[in-house]
Amino acid sequence: MKKLLILSVVVALAAVPGAPAFANDAYGNGPGCGLGGDLFKGNKAILHQVLAATTNGTFGLQTFGITTGTIGCTNNGQFASNEHATMFANLNFDNLSQEMAQGGGEHLASLATLMGVPAEQQPAFFAMTQEKYAALIQSGETTPAAMLKALHETMAAHPVLAKVSLVR
Amino acid sequence: MFLGGSRFQCRGPRFFFRLSSGLPRYLAQTVLLLLTMTVFVTTVAAEPSDPVYLSELIRRATDAKLADSREWHALLHYRLNFFGGVTSEQDGPTFFLASDGKTNPQTELEATLAGFFSDTLIGEAKQTVQCAFVARYAWLKEQLAFDERRLPSKDCERFRNWMQGLNPQSVTLIFPSAFMNNPASMFGHSLFRVDRQGQTPQTRILAYTINFMAEVPDGEGIMFAVRGIAGGYKGNFSAIPYYLKVKEYRDIENRDIWEYRLNLSDAQVRRMLMHVWEMGNASFDYFFFRENCSYQLLPLLEVANPEWRLTEQFTWWTLPGDTVRLLTKQPGIVGDAVYRPARTTQIRRRYERLSSDERGVLKRILQEPLLVRDQAFQQRPVERRALLLDIASDYLRYQSVTDEKQAETYKSRDREVLVARSELKVQSDNTPIEPFVTRPELGHRTSRIGVGAGYRQDEWFEEVSFRTVYHDLLDPEIGYAPGYQIELFSGALRHYGKAEQTRLERFTLANVVSLTPADSLFVSPSWKVNVGMQTLRHNNCRYCSAGVANGGAGLTFETHLLKREYFFGFGELETTYSHAFEEKHRAGGGGTLGMMADLTDRWRLLASATYLRFPLGEKSDEVRWSVGQRYTLAKDAALRFEFNHRERRDNEALFTIHAYF
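Residues numbered from 1 in each chain as written. Chains lettered and ligands numbered in written order. Predicted model: local features only at pLDDT ≥ 70, side-chain atom pairs only at ≥ 80, totals over all residues. Heavy atoms only, no water.

**Observations regarding the overall build of chain A**
Part 1 of the argument: When helices and strands are counted, chain A shows ten helices and two strands.
Part 2 of the argument: Helices and strands appear in chain A in the N-to-C order α-α-α-α-β-β-α-α-α-α-α-α.
Part 3 of the argument: The buried share among the 168 residues of chain A stands at 58%.
Part 4 of the argument: Long-range pairs, those at least 24 residues apart, make up 55% of the contacts in chain A between residues at least 6 apart in sequence.
Part 5 of the argument: Surface exposure of chain A reaches about 6400 Å², of which carbon and sulfur atoms provide 59%. (Helix = DSSP H or I, 4+ residues; strand = E, 2+ residues; numbered from the N terminus. Buried < 20%, exposed > 50% of the residue type's maximum accessible area, 1.4 Å probe, protein only. Contact = heavy atoms within 4.5 Å. Areas by Shrake-Rupley, 256 points an atom, 1.4 Å probe, with all protein chains shown as cover.)

Written out as structure tokens, the structure reads:
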């Protein structure tokens, strides 16, 4: 069970830059998130670092250490705000896919908040993810970052949500 | 030698302070400082230092007895030691600026003041002293009214960014309940969540937590227990996003979470977080029983409000439930509590809302999700379909986590279910999920003392009994999971009247039982382990000490015939060492059948019968049975009556009154 959690973090951290670049470059290519790229180049040291940070089943000291947690995607142990939506989608893909199907939930509301969707537009956002569920989740099967991209595109075509200016 | 390498060069001058004392001390300091400035030109070179102002500040701090103040002791984690002095609980190398800072609040204060003048970067994160120890700086600045021209404040950009990232509004105490399948979590856990400005109940998972935990290398095995208890691991603070913690506890370990909002003022929240930033340069030897995840949250609260005296309430051990209890007892600290059900709790509660027909449908969907496309399913009311699909999805995800080999199968079924769910444009059933276990702070305290009397074999006895922690099956259940027992270090002294003998009747190292009812959704094994010393009668030995180890695995079923009953069965192994046996020992196995029943809210019955056969050592067999009853008098008091039958005519009746403290 613990392994799953560790795996999900490793996958999440790895998937970010590995995802195809977005048209608007809003997500996925932040300067701090070089980890996945390094992974694909076979940088074992960083993989080891993340694994070490997640042993004992809990995310830990290197990744989220106070003042010292400065690797890959975190600085002082916090995610940069422009990368947080991508990281969040990576780390919570299961819960997001469930809540999109249900048309609401705290993970979906949190993702919307990180993307910059204002509270009053969120019900429309929830309804949209439920409406387009099959297509969105299909893109999510490749990578969560691709799902975010598909979310963006779907929003751009939405009568109300297209007007929302998102976090860039 | 005092410079300690390149870590922090401001240690130097302090050496000279100690050469003198009293009134001439100030003069001596000034002169010596002026003299030594030339010496230190090499190390503190080009630093905007003002030795005259530094010694003035030190003098004023000394006059005001700042080093003896409660605030300073809280910031440095000083506790009274056996010799009447103080020792800090902090064990890392970069937290103290004075070489004897761990035991000397005065030199540490002087070195800290000196450090504020320095631009030298310290610690792993390479910050100036002002920025690494922002809470010390803020407090001393306020106390001594630093002259900005003579001691300029430095810009701590990283700290500012960090605070901005936290965007704090308030602090919540998080208590994930106990988790039997991980020895490190058997008593639960506790951490803080830093709630964000503008956060809603829907977005509180985005908040960061403040979490203290030990760094445990992989594959530690049995050494984990030894080192964990003896302080062999380093503990550090980290700030993990709450959604990762929720995922860990609620989704993977299936633990209920309680969230207690703390009533801290803005200034208190800020003070606490400034100190948390300082914790980036701190580490603590982790002691499983006392200086653990739960204990280390208390000093943070003491920094927030130095008037609270929390750490001193714990001498030998700190259990997460006890900290929750302690905080809720302090007037005004704890606000409302929010319950966050484990995934399994949510599944079980929603399953209760299904008719037996719907339960059958759910079972079939779990096996064959395409059934949801059938006409028969489509004819059901849309809300009921949504509820069925929500339960099915939760359950398939539970299965994919617990049965990793089949995970892909469950995940693809879950996808089918969720696609069908997305076609139903109705809200999920949002009836609040009721916990199966009441709030932990409402339960009895975990230490217990008992006074009892009874009759064994053919004589009367009296006894006193003691338990360090935590809960057994006959203790009042409120606040504890049903069927969950952990007793550590408990024992009884007994005086037999006729034999005129006082003896250690029993001593338990660990006695752990986990009764998890199996039902149509969840089948988990029940298990038990008991290691300790008992008194038995065998051959010619009337009262013989015996070391016993027993362990077993089995199943439990729950019924609701009266209120609630557990029926359980175990297969088990047992080995005993005692002089009562001709070969000093015996070993074998057998089984136990038993029942635990609540007759009323206060009255519980626990009965069991065991047969064991010992083919090794002294060949023998034994039938045991026992009936125990508990009646709850108050939250922290209960009566107990037990009858135990052991080998041959070794019968014992025992009446005890228990108090929890």
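Now, onward.
**Some points on a nonpolar patch on the surface**
Part 1 of the argument: Taken together, the side chains of B:Val451, B:Val464, B:Leu493, B:Leu504, B:Trp603, B:Tyr631, B:Leu633 and B:Ile657 define a hydrophobic patch exposed on the protein surface, amounting to about 700 Å² of accessible area.
Part 2 of the argument: Within the secondary structure, B:Ile657 sits in strand S21 (residues 650-660). (Patch = residues over 30% accessible without salt bridge, like charges linked within 9 Å, V, L, I, M, F, W, Y side chains within 5 Å. Salt bridge = Lys/Arg side-chain N within 4 Å of Asp/Glu carboxyl O.)

**Examining the interface of chain A and chain B**
Part 1 of the argument: Each partner contributes residues to the interface: chain A has 43 residues there, and chain B has 56 residues.
Part 2 of the argument: Taken together, both faces of the contact between chain A and chain B bury some 4600 Å²; the carbon and sulfur share is 56%.
Part 3 of the argument: In this structure, the connection of chain A to chain B is made through three salt bridges.
Part 4 of the argument: With a closest N to O distance of 2.5 Å, B:Arg340 and A:Glu106 form a salt bridge.
Part 5 of the argument: At the junction of chain A with chain B, the criterion picks out twelve residue pairs in polar contact (both at pLDDT 80 or more). (Buried area = accessible area lost by both parts, 1.4 Å probe. Polar contact = N/O pair within 3.5 Å; in protein donor to acceptor, adjacent residues only side chain to side chain.)

**Concerning the side chain of B:Thr556**
Part 1 of the argument: With respect to the element layout, B:Thr556 can be found in strand S15 (residues 541-559).
Part 2 of the argument: Within polar-contact distance, the side chain of B:Thr556 engages the side chain of B:Ser526 at 2.6 Å.

**As for the environment of B:Gln169**
Part 1 of the argument: Mapped onto the secondary structure, B:Gln169 falls in strand S3 (residues 168-176).
Part 2 of the argument: If we skip the residues at most four places from it in the chain, B:Gln169 touches B:Asp195, B:Arg196, B:Gln197, B:Asp266 and B:Val269.

**So, the pattern of salt bridges**
Residues and elements named next belong to chain B.
Part 1 of the argument: A full pass over the atoms with the stated rule returns 65 salt bridges over all chains.
Part 2 of the argument: In this structure, the salt-bridge partner of Arg-309 is Glu-312, at a minimum N-O distance of 3.4 Å.
Part 3 of the argument: For Arg-439, the salt bridge identified is with Glu-441, shortest N-O distance 2.6 Å.
Part 4 of the argument: A relative accessible area of 29% means that Arg-439 is categorised as partly exposed.

**Considering the pairing of strand S14 (residues 526-538) of chain B**
All names here are of chain B.
Part 1 of the argument: Judged from the seven bridges that link them, strand S13 (residues 501-514) and S14 form a sheet pairing that is antiparallel. Across the sheet, Asn-511 pairs through a bridge with Asn-530, a residue of S14.
Part 2 of the argument: Sheet analysis places S14 next to S15, joined by twelve bridges and oriented antiparallel. Across the sheet, His-538 pairs through a bridge with Cys-541, a residue of S15.
Part 3 of the argument: Linkage of S14 to S15, two consecutive antiparallel strands, is achieved through a turn of two residues, within which Asn-539 is found at a positive phi near 45°. (Pairing = 2+ DSSP bridges.)

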